[in-house]
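So you can see what is in the structure, the chains are spelled out below.
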Amino acid sequence: MQHMLSSEILEQFRAGRKEFSNIHTQFCELEGLDLSGLVIRDSKLDYTSFRHSTLKNAKFINCDMFFFSLYNANTENLLIDKCNIDTARFDSMKTKNMKIINSRLSFVALFDVNLGEINLQGTTEFKVFRNISELTEKDAVEA
């Protein structure tokens, strides 16, 4: 698995590369960017953030995500398939036709999101919070 820095991903993406596979990111910040069409598969994304980014028609396939953020991202037509997502912020996403399918969600915040625009077919959930009132102090400590 190739370790990649956010600067390397961004440089290659801007040069025309849209698909990345078998990569490992840590403390990667790809925030406030237009990354439409990005495809990441068979990868490990630790402490990786796409806050405030545009991910139209992007795909995450067969990835392990830990401390992952799509906070306030534009996720129109985003596909997340066969991913394990543990401790993530998906709150305030601008969703339209988003799919999180055949995946596992654990400790995920989905506050202030149009849930009717997210297809969760085949996805299992553990501690997925759709409203801030569902979150307890114990949950915060455990996360």
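See the structure above.
Residues numbered from 1 in each chain as written. Predicted model: local features only at pLDDT ≥ 70, side-chain atom pairs only at ≥ 80, totals over all residues. Heavy atoms only, no water.

Caption draft 1: Expanded view of the pairing of strand 12 (residues 98-101). In this sheet, strand 12 lies alongside strand 9 (residues 79-81) in parallel orientation, the contact comprising 3 bridges. Of the residues in strand 12, the one forming a bridge with I80 is I100. Direction of pairing for strand 12 relative to strand 14 (residues 118-119): parallel, over a ladder of 2 bridges. Across the sheet, the residue bridging to K99 is N119, located in strand 14. (Pairing = 2+ DSSP bridges. Helix = DSSP H or I, 4+ residues; strand = E, 2+ residues; numbered from the N terminus.)

Caption draft 2: Highlighting the nonpolar core. Core analysis: the biggest nonpolar cluster contains 37 residues, and F50, F60, L70, I80 and F90 have the highest contact counts within it. Among the elements of the structure, helix 1 (6-14), strand 3 (23-29), strand 7 (64-69), strand 10 (84-89), strand 12 and strand 13 (104-109) are those that each provide at least two residues to this core. The greatest single-element share of this core, amounting to 3 residues, is contributed by helix 1. (Core = buried A, V, L, I, M, F, W, Y, C linked by side-chain atoms within 4.5 Å. Buried < 20%, exposed > 50% of the residue type's maximum accessible area, 1.4 Å probe, protein only.)

Caption draft 3: Layout of a nonpolar patch on the surface. Judged by side-chain polarity, F27, Y47 and F67 come together as a nonpolar surface patch covering roughly 320 Å² of accessible area. Mapped onto the elements of the fold, F27 is located in strand 3. You can call F27 exposed: its relative accessible area is 60%. (Patch = residues over 30% accessible without salt bridge, like charges linked within 9 Å, V, L, I, M, F, W, Y side chains within 5 Å. Areas by Shrake-Rupley, 256 points an atom, 1.4 Å probe, with all protein chains shown as cover. Salt bridge = Lys/Arg side-chain N within 4 Å of Asp/Glu carboxyl O.)

Caption draft 4: Region of the structure containing the packing of aromatic side chains. Enumeration over the complete set of coordinates arrives at 9 aromatic pairs. Measuring from centroid to centroid gives 6.2 Å for F68 and F90, while their planes differ by 75°, and the two rings are edge-to-face. In this pair, F68 is assigned in strand 7 and F90 in the loop between strand 10 and strand 11 (94-96), connecting sequence segments 22 residues apart. Residue F68 shares its accessibility class with F90, and that shared class is buried. Within the aromatic cluster, the residues linked to one another by ring pairs are F27, Y47, F66 and F67. (Phe/Tyr/Trp six-rings, centres within 6.5 Å; stacked < 30°, edge-to-face > 60°.)

Caption draft 5: Quick look at the pattern of salt bridges. Here the structure, examined in full by the defined rule, presents 5 salt bridges. In this structure, K56 engages E76 in a salt bridge whose closest nitrogen and oxygen atoms are separated by 3.7 Å. Highlighted residues: K56 in the loop between strand 5 (44-49) and strand 6 (59-61) and E76 in strand 8 (residues 74-76), separated in sequence by 20 residues. K56 gets classed as partly exposed once you look at its relative accessible area, which sits at 31%. What makes E76 partly exposed here is its relative accessible area of 22%. The salt bridge involving K82 is made with D81; its shortest N-O contact spans 3.3 Å. K82 gets classed as partly exposed once you look at its relative accessible area, which sits at 47%.

Caption draft 6: Structural context of unusual backbone geometry. One non-glycine residue, H52, lies in the positive phi region at around 60°. As for its position among the elements, H52 is in the loop between strand 5 and strand 6. For H52, a relative accessible area of 40% translates into the label partly exposed. Of note, the phi angle at D112 is positive, near 55°, even though the residue is not glycine. Structurally, the position occupied by D112 is in the loop between strand 13 and strand 14.

Caption draft 7: Just the sheet that holds strand 4 (residues 39-41), in detail. Sheet architecture is open: 6 strands sit in the order 2-4-6-9-12-14, paired in parallel fashion. The sheet is open, and its two borders are formed by strand 2 (19-21) and strand 14, each paired with just one other strand. When strand 2 meets strand 4, the two strands line up parallel, connected through 3 bridges. Bridge pairing in strand 4 places E19 opposite V39.

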